[in-house]
Amino acid sequence: MGNGFHSILVGVDESANAQKAFQYAVKKAAHENIELVIASILESDEINVYQALDDDYLRLARKKTEENLRKYQQYAYDQGVQTVKLFSDEGAPAERIIHHILPQTQCDLLIIGSHAKHGLKDYFGTSASYMAKNAPISVMIIR
């Protein structure tokens, strides 16, 4: 079991850093034969008021998130990860991962990309900083 970790939680989005974090988490989980939990958050600050009021838009956005998670899951299985669980949520990614997804899992390592998808968060990496500061478990930030 390597460093004694038994379960990894990795947050995914379409950013380059999140993709690197995902690749690293998959390799680590496969190599150490530990569970991988993949989380994706539908970011509420990316949805305008008109989209938020459109049930069809939200339904399709949620469906796309679930489809993407299943693709990540299949990739992890193809790379040799034995146990893969999926979590999706909506809201601010850092807060949802720390306060809602982590408490539902038994993960003892969080692997995340160093920068968020866009905007000022990308420049400052505030999501990664927030998770590193507030997570009750070990955090690995991938650049």
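Criteria and thresholds
Residues numbered from 1 in each chain as written. Predicted model: local features only at pLDDT ≥ 70, side-chain atom pairs only at ≥ 80, totals over all residues. Heavy atoms only, no water. UniProt positions renumbered as here; feature names shortened; annotations may be inferred. Helix = DSSP H or I, 4+ residues; strand = E, 2+ residues; numbered from the N terminus. Contact = heavy atoms within 4.5 Å. Areas by Shrake-Rupley, 256 points an atom, 1.4 Å probe, with all protein chains shown as cover. Salt bridge = Lys/Arg side-chain N within 4 Å of Asp/Glu carboxyl O. Buried < 20%, exposed > 50% of the residue type's maximum accessible area, 1.4 Å probe, protein only. Pairing = 2+ DSSP bridges. Axes fitted to C-alpha atoms, helices over the stretch in contact; angles between N-to-C directions. Phe/Tyr/Trp six-rings, centres within 6.5 Å; stacked < 30°, edge-to-face > 60°. Parallel < 35°, antiparallel > 145°, perpendicular 65-115°, else oblique. Left-handed = near helix turned anticlockwise from the far one by under 90°. Nonpolar A, V, L, I, M, F, W, Y, C, P; charged D, E, K, R; others polar.

Going by the annotation in an unreviewed UniProt entry, the name recorded for the protein chain is UspA domain-containing protein, with Tetragenococcus halophilus given as the source organism. Of the comments in the UniProt record for the protein chain, the one headed Sequence similarities (unreviewed entry) reads "Belongs to the universal stress protein A family."

Chemist: Got a minute to help me understand the overall build of the protein chain in this structure?
Modeler: When helices and strands are tallied, the protein chain shows six helices and five strands. Traced from its N-terminal end to its C-terminal end, the protein chain shows the element sequence β-α-β-α-α-β-α-β-α-α-β. Counting only contacts in the protein chain whose residues sit at least 6 apart along the sequence, the fraction spanning at least 24 positions is 74%. Surface exposure of the protein chain reaches about 8,100 Å², of which carbon and sulfur atoms provide 50%.

Chemist: Whenever I open this one, the pattern of salt bridges confuses me. Can you help?
Modeler: Think of it this way: side chains of opposite charge can pair up when their charged atoms draw near. A full pass over the atoms with the stated rule returns five salt bridges. Residue aspartate 56 pairs with arginine 59 through a salt bridge whose shortest N-O separation is 3.4 Å. With aspartate 56 and arginine 59 both in helix α3 (residues 55-78) and three residues apart, the pair spans about one turn of that helix. Accessibility expressed as a relative area gives 45% for aspartate 56, which makes it partly exposed. We classify arginine 59 as partly exposed; its relative accessible area is 47%.

Chemist: In this structure, what is going on with unusual backbone geometry? I would like to understand it.
Modeler: In most cases, non-glycine residues show a negative phi, while peptide bonds are predominantly trans. Its identity as a non-glycine residue notwithstanding, asparagine 33 has a phi of 55 degrees, on the positive side. By the element assignment, asparagine 33 lies in the loop between α1 (16-32) and β2 (35-43). By relative accessible area, which is 56% here, asparagine 33 ends up exposed.

Chemist: How should I be thinking about the environment of histidine 31 in this particular structure?
Modeler: With respect to the helices and strands, histidine 31 occurs in helix α1. In sequence terms histidine 31 and valine 81 are 50 residues apart; their C-alpha atoms lie 8.1 Å from each other.

Chemist: Looking at this structure, I do not really get the sheet that holds strand β1 (residues 7-12). What am I missing?
Modeler: In any sheet, the strands associate via hydrogen bonds between backbone groups, in a parallel or an antiparallel arrangement. Read from one edge to the other, the open sheet built from five strands follows the order β3-β2-β1-β4-β5, with strand pairing classed as parallel. Lying at the two open borders of the sheet, with one neighbouring strand each, are β3 (84-91) and β5 (138-142). Within the sheet, the average angular offset between the axes of one strand and its neighbour, ignoring direction, is 20 degrees. Its contacts with the sheet put α3 on β1, β2 and β3, and the angle it makes with β3 is roughly 155 degrees.

Chemist: Whenever I open this one, the packing of aromatic side chains confuses me. Can you help?
Modeler: Here a ring pair, both rings aromatic, is described through the centre-centre distance and the interplanar angle of the planes. Under the counting rule described, the total for this entry stands at two aromatic pairs. Considering the side-chain rings of phenylalanine 22 and tyrosine 72, the 4.7 Å spacing of their centres and the 65 degrees angle between planes classify their relative orientation as edge-to-face. With phenylalanine 22 in helix α1 and tyrosine 72 in helix α3, this pair connects stretches of sequence that are 50 residues apart. Taken individually, phenylalanine 22 and tyrosine 72 each receive the classification buried, so the pair is uniform in this respect.

Chemist: Looking at this structure, how should I read the packing of helix α4 (residues 93-101) against helix α6 (residues 126-134)?
Modeler: A pair of packed helices can be characterised by two numbers: the angle between their axes and the separation between those axes. Closest axis-to-axis distance for the α4/α6 pair is 9 Å, and the angle between their directions is 20 degrees. In terms of axis orientation, α4 runs roughly parallel to α6. Crossing of α4 against α6: the hand is right-handed. Between α4 and α6, the contacting residues are Ala94, Glu95, Ile97, Ile98 and His99 on the first element and Ser127, Tyr130, Met131 and Asn134 on the second. Looking at side-chain class alone, the contact of α4 with α6 contains five nonpolar, three polar and one charged residues.

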